[in-house]
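# Reading the structure
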Amino acid sequence: MADTLEFNDIYQEVKGFMNDGRLRLSKAGLMYKNNKTGKVENIASGDLSEGIWRRVALGYGVRLLTRTGHVYKYDGFREAEFEKLSEYLKTHFQVDLVEKDMCVKGWNWGTVRFGGQLLSFDIGEQPAFELPLSNVSQCTTGKNEVTLEFHQNDDSEVSLMEIRFYVPPTQDDGGDPVEAFAQNVLSKADVIQATGDAVCIFRELQCLTPRGRYDIRIYPTFLHLHGKTFDYKIPYTTVLRLFLLPHKDQRQMFFVISLDPPIKQGQTRYHFLILLFSKDEDISLTLNMSEEEVEKRFEGKLKKNMSGCLYEMVSRVMKALVNRKITVPGNFQGHSGAQCITCSYKASSGLLYPLERGFIYVHKPPVHIRFDEVQCVNFARGTTTTRSFDFEIETKQGSQYTFSSIERLVIGILCHI
């Protein structure tokens, strides 16, 4: 008769989220069924190579390692179940369940060990914490530093998003320790890899946010921004909205990509990718696909050979690959004939675009406010001159935005939006 135990899954495919489930032990192996998703996982008795019993936040837990390097962690056991579980694993799995305590000193220096799909930060002979490398979404290196970013867990209120390791230099000639650390992570991490050729490449595009010139390589599932200093790989699943906005001078165009989660450059997070194009810049584009593949994948939205304005080609390709419509300004027109309003937000001057369903301000910092988020608006007297006024927006979440230095001639137009 197989024993059945209730427990909580610390992490598996759920990236750190706690899920109730049922663990069933039998002579053939171990089976876990997730109560939330119904997913079933099996570990054959001959695949198990190591078992560790230790005190965790929720009682006691076990860490199981298979011969292929996969690690499974479960917690919620009671202390009295150790003898029972240890005897069962020894009898039917030929594996000793070893007691091993976690280090609780709180030190931030130690030794990193890689085992299977797990990174263990050890202080002495005791692990302080462990990270499943399958949860790593990005690994970047700096001078004596490695930064790991993790997949976002939508089900958890609090998630670990980033951790940095300082790797001290060594006098050995065995290679760069930072690069060796990064390669150990990347070999097991779930990081986007640029395999195969890009569908197309746009060279030296002017990017306002993050600032610089970037080559944009378009792949089937993500776009790759390559600059002189930074590289970003942006999955299309993180793209929320696309905006195509004419500049007030009528000679340039903004193409704005809204992202969630944002891309990061050090401590700075960019929720918007803003490209600036000249209307006079043309391009001839050839997709790195056969005509049959282009027709089958894009159903007439794109052609193998295209030509036109650069901003039109970029927005057209992005729209087809991301499969989201492009938002453009509606019927709004200011007193000068432009589809935007010159104003200031915080310390910078920019352009405010009234859209059909919201406002967007570019470019520093970019702000997007949907109409269904707005609690109320207020037209306030300007603080510096009587020729201008402030436009204040309060959202239902309690956030306040003040767009200042707007010409008084615009107030009547805004009242009709």
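Residues numbered from 1 in each chain as written. Predicted model: local features only at pLDDT ≥ 70, side-chain atom pairs only at ≥ 80, totals over all residues. Heavy atoms only, no water.

Going by the annotation in an unreviewed UniProt entry, the name recorded for the protein is FACT complex subunit SSRP1, with Staurois parvus given as the source organism. Its UniProt record gives the protein a comment under Sequence similarities (unreviewed entry), which states: "Belongs to the SSRP1 family." (UniProt positions renumbered as here; feature names shortened; annotations may be inferred.)

Scanning the protein from terminus to terminus reveals 5 helices and 31 strands. Counting every position in the protein, which comprises 417 residues, the buried fraction comes to 44%. Within the protein, counting contacts between residues at least 6 apart in sequence, those at least 24 apart form 43% of the total. Carbon and sulfur atoms make up 46% of the accessible area of the protein, which totals about 23,000 Å². (Helix = DSSP H or I, 4+ residues; strand = E, 2+ residues; numbered from the N terminus. Buried < 20%, exposed > 50% of the residue type's maximum accessible area, 1.4 Å probe, protein only. Contact = heavy atoms within 4.5 Å. Areas by Shrake-Rupley, 256 points an atom, 1.4 Å probe, with all protein chains shown as cover.)

One pass over the structure, following the stated rule, counts 12 salt bridges. Here Glu81 and Arg78 are joined by a salt bridge, their closest N and O atoms 3.0 Å apart. Put simply, Asp372 and Arg370 hold a salt bridge, and the shortest N to O gap is 3.1 Å. Residue class for Arg370 comes out partly exposed when judged on its relative accessible area of 30%. Linked through salt bridges whose partners overlap, the residues forming this network are Glu50, Arg54, Arg63, Lys73 and Glu130. (Salt bridge = Lys/Arg side-chain N within 4 Å of Asp/Glu carboxyl O.)

Ordered in space as 9-10-11, the 3 strands form an open sheet in which the pairing is antiparallel. Every interior strand has two partners, whereas the edge strands, strand 9 (111-115) and strand 11 (126-132), have only one. Ignoring which end each strand starts from, the neighbouring axes of this sheet average 25° apart. Here strand 10 (residues 118-123) pairs with strand 11 via 6 bridges, running antiparallel. For Leu119, the partnering residue across the bridge sits in strand 11 and is Leu131. Lying on the sheet, helix 2 (residues 177-186) is in contact with strand 9 and strand 10; it crosses strand 9 at an angle near 35°. (Pairing = 2+ DSSP bridges. Axes fitted to C-alpha atoms, helices over the stretch in contact; angles between N-to-C directions.)

This next bit is on the environment of Asp96. Of note, Asp96 is situated in the loop between helix 1 (81-92) and strand 8 (97-99). Along the primary structure Asp96 and Ser49 are separated by 47 residues, whereas in three dimensions their C-alpha atoms are 9.0 Å apart.

What follows concerns empty space enclosed by the protein. Under the defined criterion, the tally for this structure stands at 2 cavities of 30 Å³ or more. Estimates place the volume of the second largest cavity at around 40 Å³. Together, Leu23, Leu25, Leu30, Val62, Leu64, Leu85 and Leu89 line the second largest cavity. When residues of the lining of the second largest cavity are traced back to their parent elements, those giving at least two are strand 2 (19-25), strand 6 (60-66) and helix 1. Grouping the amino acids of the lining of the second largest cavity by side-chain chemistry returns 7 nonpolar, no polar and no charged. (1 Å grid on protein atoms, 1.4 Å probe; cavity = no way out; pocket = protein on both sides within 12 Å on 5 of 7 lines; lining within 4 Å. Points joined across faces, edges and corners; volume = space filled by probe spheres on them. Nonpolar A, V, L, I, M, F, W, Y, C, P; charged D, E, K, R; others polar.)

Moving on to helix 2. The set of residues buried in helix 2 consists of Val178, Phe181, Ala182 and Val185. Viewed along the axis of helix 2, the buried residues span an arc of 95°, placing them on a single side of the element. Residues of helix 2 that are buried sit in contact with strand 9, strand 10, strand 12 (136-142), strand 13 (145-150) and strand 14 (162-166). Between the side-chain oxygen at the start of helix 2 and the backbone nitrogen of Val178 there is a gap of 3.1 Å, and the oxygen is on Asp176. (Arc of directions from axis to C-beta. Polar contact = N/O pair within 3.5 Å; in protein donor to acceptor, adjacent residues only side chain to side chain.)

Attention now moves to a negative patch on the surface. Taken together, the side chains of Glu79, Glu83, Glu87, Glu99 and Asp101 make up a negatively charged region of the molecular surface. Along the chain, the position of Asp101 falls in the loop between strand 8 and strand 9. (Patch = residues over 30% accessible without salt bridge, like charges linked within 9 Å, V, L, I, M, F, W, Y side chains within 5 Å. Lys, Arg positive; Asp, Glu negative; His and termini not counted. Charge placed at Lys NZ, Arg CZ, Asp CG, Glu CD.)

This paragraph deals with the sheet that holds strand 13. Taking strand neighbours across the sheet as the criterion, the 3 strands line up as 12-13-14 in an open arrangement whose pairing is antiparallel. Two strands in the sheet have a free side with no partner beyond their single neighbour: strand 12 and strand 14. Geometrically, the sheet is characterised by an average inter-axis angle of 15° between neighbouring strands, direction not taken into account. For strand 12 and strand 13, the ladder comprises 6 bridges, and the chain directions are antiparallel. In the strand pairing of strand 13, Gln138 is matched with Glu149.

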